[in-house]
Amino acid sequence: MSKQTHLSRQMESRHVLMISLGGVIGTGLFLSSGYTIHQAGPIGTLLAYTIGAILVYLVMLCLGELSVAMPYTGAFHVYAKKYIGPGTGFTVAILYWLTWTIALGSEFTAAGLIMQTWFPHIATWIWSLVFMVVIFTVNALSVRWFAEAEFWFASIKVIAIIAFIVLGGLAMVGILPLHGHTSAPFLSNYTRNGWFPNGFGGVFTTMLTVNFAFSGTELIGITAGETKDPAHTIPTAIKTTLWRLIIFFIGSMFVMAALIPYKQAGVTQSPFVLVFKAIGIPYAADLMNFVVLTAIMSAANSGLYASTRMLWSLANEGTIPKVFKRTTKRDVPLVALITSMLGGILALLSSVYAAGSVYLVLVSISGLAVVIVWMAIALSEINFRKAYLKSGQSLDQLTFKTPGYPVVPWLAFILSGLSCILIWFDPNQRIALYYTIPFVAICYLGYYLNQRYRRTHAAK
């Protein structure tokens, strides 16, 4: 079977830049961020998110060299196969596909629930079905349609966060009135209850979840195979990753923690709604519901795209049946797209009918999967550089080079690994290891048994 390195290159630089920005801004920031402050305290939260942002940036620097040198659709699974081993490549692809497919189920459910706040007489499942059809259609038309939709989804999220930081910042210094405050709060919430009100252990617990909040940045690697000028666009997107994470995540957390006492944060509703209401923004709850709905649609759009390309890449490499490689006239892998959407629907059904068994297992595995993928990216970069130099080529020939090699990739690998191992010390998250380790072992075993079967079958 013939192999391709990429599908139709239709994405422009503005699409990739906005996808790299919007991919990481999900419902976690808009809904769950208050709970993080409640657990770790203001300073602890900023510390955890800063470390998380640095880790993600290290991983992105590794991915930058790989994706510019080899701008393939399917990206890091192909790198893992080539520079770590075929079993690892297969496992990485399955883990990443599962992550996004599970997310699809939860995103469509969440979208239906939000719509029911405005239209209480229409069943949730009807809205979920409507959004499924919309997202599927956008992805089925062409990669250009996907990219354009994601550009606008991400734009709304970015505007909302900028408005939050600006208005919240003005309220911090007393330029805007803040309900319940007679004077400007400034940074009083940071020191009122000590540096770490719940102890340093709260920071530790938060650190375990922060990396999952940053998942989505690695989408740049998948878009490399369908970007018009990857040698220029990908490095630009990656070089700006750190400051984007600092401005949008740490910036909004900084304002949030300053305006909401940590004991109130994340207890009742979205911290964004709390702040907008306190400042006096009309229809604050409805505005944020719209923004959250946009974030959900963005996550579903990206998730369906990523999982589809992962299946296409596996078929392209000859790992799974070639039927998943079939594309439409517009270069959309339709069979892979339908399969991924069906996977999302099955995940949705399991969340309703088997939430305490099947769905719990799936969510636990997908929670750790992204960090394992990050480890594979870092190790692939280490081995790629060795193989590149061994082949007699010069580093000057690389358009984008990971700075600080080998310190950067090794640091990315070790910190990602620690994120997995340290979960053991948190009783609430330990269950993820119980399911993920056996699942990874099954993926490896399944791959090598399949390869042995193919060799035996071919020899007959």
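For the structure itself, look to the data block above.
Counting restarts for each chain, with residues numbered from 1 along the sequence as it is written. Owing to the predicted nature of the model, reporting of local features is limited to residues with pLDDT of at least 70; listing and counting of side-chain atom pairs is limited to 80 or more, with chain, interface and lining totals taken over all residues. Neither water nor hydrogens contribute to the side-chain values; these are computed over all heavy atoms in the structure.

**With respect to the packing of helix 4 (residues 86–118) against helix 15 (residues 358–390)**
Contact pair helix 4 / helix 15: the axes reach a minimum separation of 8 Å and the direction vectors enclose 130°. By the angle class used here, helix 4 and helix 15 are oblique. Taken as a pair, helix 4 and helix 15 cross one another with a handedness that is left-handed. Counted together, V92, L95, Y96, L98, T99, I102 and S106 of helix 4 and Y359, L362, V363, I365, S366, A369, V370, I372, V373 and A376 of helix 15 form the full contact between these two elements. Among the residues forming the contact of helix 4 with helix 15, the class breakdown is 14 nonpolar, three polar and no charged. Angles here are taken between N-to-C directions and fall from 0 to 180 degrees, while the axes themselves are lines fitted to C-alpha atoms, restricted in helices to the stretch in contact. Each helix is a run of H or I in the DSSP string that is no shorter than four residues. Each strand is a run of E no shorter than two, and both are numbered from the N terminus. Each angle gets one of four labels, with under 35 degrees taken as roughly parallel, over 145 as roughly antiparallel, 65 to 115 as roughly perpendicular, and the rest as oblique. Crossing handedness follows the turn of the near helix against the far one: under a right angle anticlockwise gives a left-handed crossing, and clockwise gives a right-handed one. By definition, residues are in contact when any of their heavy atoms lie within 4.5 Å. All amino acids are sorted into three groups, where Ala, Val, Leu, Ile, Met, Phe, Trp, Tyr, Cys and Pro are nonpolar, Asp, Glu, Lys and Arg are charged, and the leftover types, Gly among them, are polar.

**Some thoughts on the packing of aromatic side chains**
The aromatic pairing rule takes the rings of Phe, Tyr and Trp, using the six-membered ring of Trp, and pairs them if the centres are within 6.5 Å, calling planes under 30 degrees apart stacked, those over 60 edge-to-face and the rest tilted. Here the structure, examined in full by the defined rule, presents 16 aromatic pairs. Their ring planes at 75° and their centres at 6.2 Å tell us that Y96 and W100 sit as a pair that is edge-to-face. Separated by four residues within a single helix, Y96 and W100 lie in helix 4, roughly one turn from each other. Neither Y96 nor W100 differs from the other in exposure class; each is buried. Using a 1.4 Å probe on the protein chains alone, a residue whose accessible area is under 20% of its type maximum counts as buried, one over 50% counts as exposed, and one in between counts as partly exposed.

**So, the environment of T241**
With respect to the element layout, T241 can be found in helix 11 (residues 241–259). When the C-alpha positions of T241 and K263 are compared, they lie 31 Å apart, and in sequence the two are 22 residues distant. Setting aside anything within four residues of it in sequence, one finds T241 in contact with V56, Y57 and M60.

**Focus on the pattern of salt bridges**
Should the charged atoms of two oppositely charged side chains come close, the side chains can pair. Any carboxyl oxygen of Asp or Glu within 4 Å of a side-chain nitrogen of Lys or Arg constitutes a salt bridge here. Applying the stated criterion across every chain yields a total of two salt bridges. A salt bridge links E65 to R385, with the nearest nitrogen and oxygen atoms 2.7 Å apart. With E65 in helix 2 (residues 27–69) and R385 in helix 15, this residue pair connects regions lying 320 residues apart in the sequence. With respect to burial, E65 and R385 carry one shared label: buried. K81 serves as the salt-bridge partner of E317, at 3.0 Å between the closest nitrogen and oxygen. Linking E317 in the loop between helix 13 (284–316) and helix 14 (334–353) with K81 in helix 3 (residues 76–83), this pair joins segments that are 236 residues apart in sequence. Here E317 falls in the buried class, since its relative accessible area comes to 15%.

**Quick notes on helix 11**
Helix span, expected: 1.5 Å multiplied by one less than the number of residues in the helix. When the terminal C-alpha atoms of helix 11 are compared, their 27 Å separation across 19 residues agrees well with the 27 Å that a helix rising 1.5 Å per residue should span. At any given residue, the bend is defined as the angle formed between two axes, one fitted to the seven residues that end at that position and one fitted to the seven that begin there. Along helix 11, the sharpest kink reaches roughly 30°, centred on I250. Most of helix 11 is tucked away, with 14 of its 19 residues classed as buried.

**Observations regarding the nonpolar core**
By size, the foremost hydrophobic cluster in this structure holds 122 residues, and its most contacted members are I25, F30, F76, Y96, F108, F214 and I377. The element that contributes the greatest number of residues to this core is helix 2, accounting for 18 residues. Contacts of F108, omitting those with residues within four sequence positions, involve S128, F131, M132, I135, A300, M341 and L348. Membership of the second largest hydrophobic core comes to eight residues, among which are A347, Y359, I365 and V440. What is meant by a nonpolar core is a set of buried Ala, Val, Leu, Ile, Met, Phe, Trp, Tyr and Cys residues, joined one to another through side-chain atoms within 4.5 Å.

**Here we look at the environment of R192**
Note on placement: R192 falls in the loop between helix 7 (188–191) and helix 8 (200–213). In this structure the C-alpha to C-alpha distance between R192 and E150, which are 42 residues apart in sequence, comes to 41 Å.

**A word on the side chain of S307**
Considering the arrangement of structural elements, one finds S307 in helix 13. Relative accessible area serves as the criterion here: at 0%, S307 is assigned to the buried category. Under the rule applied, a polar contact is a pair of N or O atoms within 3.5 Å (in protein, one hydrogen donor and one hydrogen acceptor; residues adjacent in sequence only if both atoms are side-chain atoms). Within the structure, the side chain of S307 is placed 3.4 Å from the side chain of S340, a separation counted as a polar contact. Residues contacting S307, with those up to four places away along its chain left out, are W97, W100, T101 and S340.

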